[in-house]
Amino acid sequence: MISIKFQTLAVQKDGNTVDEYQDASTTNTIKYDGALEIYAAVADGATDSYFAGIWARMLTRAFSKGAIETIDDLQRQLGCLSERWHNVVTRKPLNWYDEEGVEKGAFATLCGVKISLHGDNANSGVFKATAIGDSCLIQVRKEKLINMFPINCSSEFGNNPWLISSNLKSNQRLLDHYKLCQGDWQSGDCFIIMTDAIAQWFLHEFENELRPWDVLFQLSIAVNCHQAFIDWVSEMRNSKKMKNDDTTVIIIKMGC
Amino acid sequence: MYKAEISRKNPALFVFLLDQSTSMEDPFGGSRSEQSKAAGLTDIVNSVFYDMVVKARDGETTKNYYYISVIGYGDDVSSGLSGSLSGKQIISIEELANNTLRVEKREKKESDGTGQLVEKPYKMPIWVDPVASGMTPMREAFLQAKEIIEPWISDHSEGFPPIVINVTDGEANDGDPEEIAEDIKQLKTNDGNALVFNAHLSSSRSIPIQFPDRIDGLPDDFAKMLFRMSSNLPQPMLEVAKAESFIVGEGSRGFVFNSDFVNLVQFINIGTRPANRG
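Keep in mind the model is a prediction, meaning the values are calculated, not measured.

Draft legend 1. The arrangement of the overall build of chain B in detail. Within chain B, the regular secondary structure consists of seven helices and twelve strands. A globule of 278 residues ought to have a C-alpha radius of gyration of about 19 Å, and chain B, at 18 Å, matches this closely. Counting every position in chain B, which comprises 278 residues, the buried fraction comes to 46%. Expressed as a percentage of contacts within chain B between residues at least 6 apart in sequence, the contacts between residues at least 24 apart total 74%.

In structure tokens, the structure reads:
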């Protein structure tokens, strides 16, 4: 069986507490009939919405269980997820100032990938990625970036992306904003899934003919990789190379 | 410029100047014509405060992204807040959220989706009640605003520039406020000059005006003076305003006539604002 390594690194926005982190990430492997499916997803809860971290976690968990592989799945699942979100956030009585915010709902991006391996000796296979909003997937092969999804340029990031909402009325144009990417993978490939702040840094570095994946690989194998990541993000923020925002990355190395 | 992040680490200061002179008893010529201008002012200011509280909440905590100072001017020039916030010069948004005078239950008309208008209950937090008594010492109010802003800037030199929002029905009678407003606009952080915005509440039934880019067409000399005192909307705010479908251009100023200005706060980005939030 090919060896697959996952590493998730995350840090909250500077000035906020760990409890106020509103990104989410989940990885999962599902085995059946000699095949293996790897799921990994990140979601970024919007600052300007309520209980967005809870919503982001619900989305990544649903994706990683294989429950939202297509736009039809997503549209089917949203009713149930929205109800669950509402039940969780109204478990305690709401303050007057939270009632309107809860009514408007939570909003989050979602970017997830399903990587398929067929047979125990698979050294290649296919993947399918889906995204709504500005969280991104990168695929690196033999030191070359071969896929950027759904954003291709660092200047495309803005403050007003279209996001998935727990308020179903806000999801009416979901289909227009749903992005899909499919391709193949080979042993040695690496997938990197990121929320917007680090994705924007990544693409900017790449546009300047640097190899940002090397920086992330080094961080992922550091002895205390979580602290190393926190220190590095802090350095990038202080030097204005990275926006001060919740920052999350999942690195998946296929056969390394 | 005007791109400094607004966060706990780098909070933004808003100074509200509220006209409480006797003439504010006169009827408001805006959409709420059954009200006095003083009641129109409090409705607008309470709505802005509510909006700021909601923006600083994430459902679980109130993030002190904003600090607020409220100065009332009429019989005297002093704190415009009462109750437990009385006399406080600067308060955090968390203190504001936790110290309403009361929360009123009101009703508003909303479409039920079939074209019928139905009464929908909502809660309206009250921090400021109508006051209409005395002269209009607007110049002194701007002087006090300047005294609040100066030390803030030296403590927050990397932050978003302070914003003064003056809500008035017009003429100052303690001298010229324009030159003090100009002095305030010269104060700056490394992210830009302090901003002065004005909301003019008039008894005139002229049509509401939002963020005009020229003085021609403004209904009276008071409106023209307040237009001159108002800062241009900075580029990042213009971009948000355009995205929210407001008609604004390069010369648009932070000035409204007989109109709400809740939008002014919404134009300031504090992070991701979903395009489909509505």
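Moving on from the coordinates now.
Draft legend 2. Focus on the interface of chain A and chain B. At the junction of the two partners, chain A supplies 32 residues and chain B supplies 26 residues. By residue number, the principal contributor to the side of chain A that touches chain B is helix H3 (residues 96-104) of chain A, which donates seven residues. Among the residues forming the side of chain A that touches chain B, the class breakdown is eleven nonpolar, eleven polar and ten charged.

Draft legend 3. Quick peek at the environment of Glu119(B). Residue and element names in this part refer to chain B. Inspection of the secondary structure assignment puts Glu-119 in strand E6 (residues 117-126). A residue is classified by how many C-beta atoms lie within 10 Å of it, and Glu-119, with 9 of them, is exposed. Glu-119 sits ten residues away from Lys-109 along the chain, and the two C-alpha atoms are 4.6 Å apart. In this structure, Glu-119 is in contact with Glu-107 and Lys-109, ignoring residues within four places of it in sequence.

Draft legend 4. Looking closely at the sheet that holds strand E10 (residues 179-186) of chain A. Residues and elements named next belong to chain A. Pairing in this open sheet of five strands is antiparallel, and the strands run E2-E3-E5-E6-E10 from one edge to the other. The open sheet has two edge strands with one neighbour each: strand E2 (23-32) and E10. Here the average twist between neighbouring strands, direction ignored, is 15 degrees. By the bridge criterion, eight bridges tie strand E3 (residues 35-44) to strand E5 (residues 110-118) in an arrangement that is antiparallel. Residue pairing for E5: Leu-36 is matched across the bridge by Leu-117.

Draft legend 5. View of the sheet that holds strand E1 (residues 4-11) of chain A. Residues and elements named next belong to chain A. Ordered by their spatial adjacency, five strands build an open sheet running E1-E12-E11-E7-E8, and the pairing between neighbours is antiparallel. Single-partner strands in this sheet number two, and they are E1 and strand E8 (144-149). Adjacent strand axes in the sheet meet at a mean angle of 15 degrees, parallel and antiparallel pairs treated alike. Note that E1 and strand E12 (residues 247-254) share eight bridges and pair antiparallel. What sits directly across from Ile-4, in E12, is Met-254.

Draft legend 6. Spotlight on the pairing of strand E5 (residues 102-111) of chain B. Residue and element names in this part refer to chain B. Of all the ten residues making up E5, zero are buried; the element is thus mostly uncovered. For E5 and E6, the ladder comprises ten bridges, and the chain directions are antiparallel. Looking at the pairing, Glu-107 lines up with Pro-121 of E6. With antiparallel pairing between neighbouring strands as the criterion, E5 and E6 make up a hairpin whose turn holds five residues, including Gly-113 at a positive phi of roughly 95 degrees.

Draft legend 7. The arrangement of the packing of helix H1 (residues 52-64) of chain A against helix H2 (residues 71-89) of chain A in detail. Residue and element names in this part refer to chain A. Contact geometry for H1 and H2: axes closest at 10 Å, N-to-C directions at 140 degrees. For the pair H1 and H2, the sense of crossing is right-handed. Seen from H1, the contacting residues are Ile-54, Trp-55, Met-58 and Ala-62; seen from H2, they are Gln-77, Leu-81, Arg-84, Trp-85, Val-88 and Val-89. For the contact of H1 with H2, a count of residues per class yields eight nonpolar, one polar and one charged.

Draft legend 8. Looking closely at the packing of helix H3 (residues 138-155) of chain B against helix H4 (residues 178-186) of chain B. Residue and element names in this part refer to chain B. Contact pair H3 / H4: the axes reach a minimum separation of 8 Å and the direction vectors enclose 15 degrees. Of the possible angle classes, the one that applies to H3 and H4 is roughly parallel. As H3 packs across H4, the resulting crossing turns out to be left-handed. When H3 is examined against H4, the residues Arg-139, Phe-142, Leu-143, Ala-145, Lys-146 and Ile-149 are found in contact with a partner set consisting of Ile-180, Ala-181, Asp-183 and Ile-184. Class assignment for the residues of the contact of H3 with H4 results in seven nonpolar, no polar and three charged.

Draft legend 9. Looking closely at the confidence of the model for chain B. Mean pLDDT for chain B: 88, with 94% of residues reaching 70 or above. Reported for the predicted complex are a pTM of 0.85 and an ipTM of 0.77.

Draft legend 10. Representation of H2(A) within the structure. All names here are of chain A. The end-to-end C-alpha distance of H2, which contains 19 residues, comes to 26 Å, matching closely the 27 Å that a straight helix rising 1.5 Å per residue would cover. For H2, every residue scored as buried is listed here: Leu-74, Leu-78, Leu-81, Ser-82, Trp-85 and Val-89. Buried residues belonging to H2 abut H1 and H3.

Draft legend 11. Spatial organisation of helix H6 (residues 235-243) of chain B. All names here are of chain B. Of the positions making up H6, those classed as buried are Met-237, Leu-238 and Ala-241. Down the axis of H6, the buried side of the element spans an arc of 100 degrees, and every buried residue falls inside it. Count one or two residues on from H6 and you reach Ser-245, which has phi positive near 70 degrees.

Cut-offs used in this document
Residues numbered from 1 in each chain as written. Chains lettered and ligands numbered in written order. Predicted model: local features only at pLDDT ≥ 70, side-chain atom pairs only at ≥ 80, totals over all residues. Helix = DSSP H or I, 4+ residues; strand = E, 2+ residues; numbered from the N terminus. Rg over C-alpha atoms; globule rule 2.2 N^0.38 Å. Buried ≥ 20, exposed ≤ 12 C-beta atoms within 10 Å, placed from the backbone. Contact = placed C-beta atoms within 7 Å. Nonpolar A, V, L, I, M, F, W, Y, C, P; charged D, E, K, R; others polar. Pairing = 2+ DSSP bridges. Axes fitted to C-alpha atoms, helices over the stretch in contact; angles between N-to-C directions. Left-handed = near helix turned anticlockwise from the far one by under 90°. Parallel < 35°, antiparallel > 145°, perpendicular 65-115°, else oblique. pLDDT = per-residue confidence, 0-100. Expected span 1.5 Å × (residues − 1). Arc of directions from axis to C-beta.

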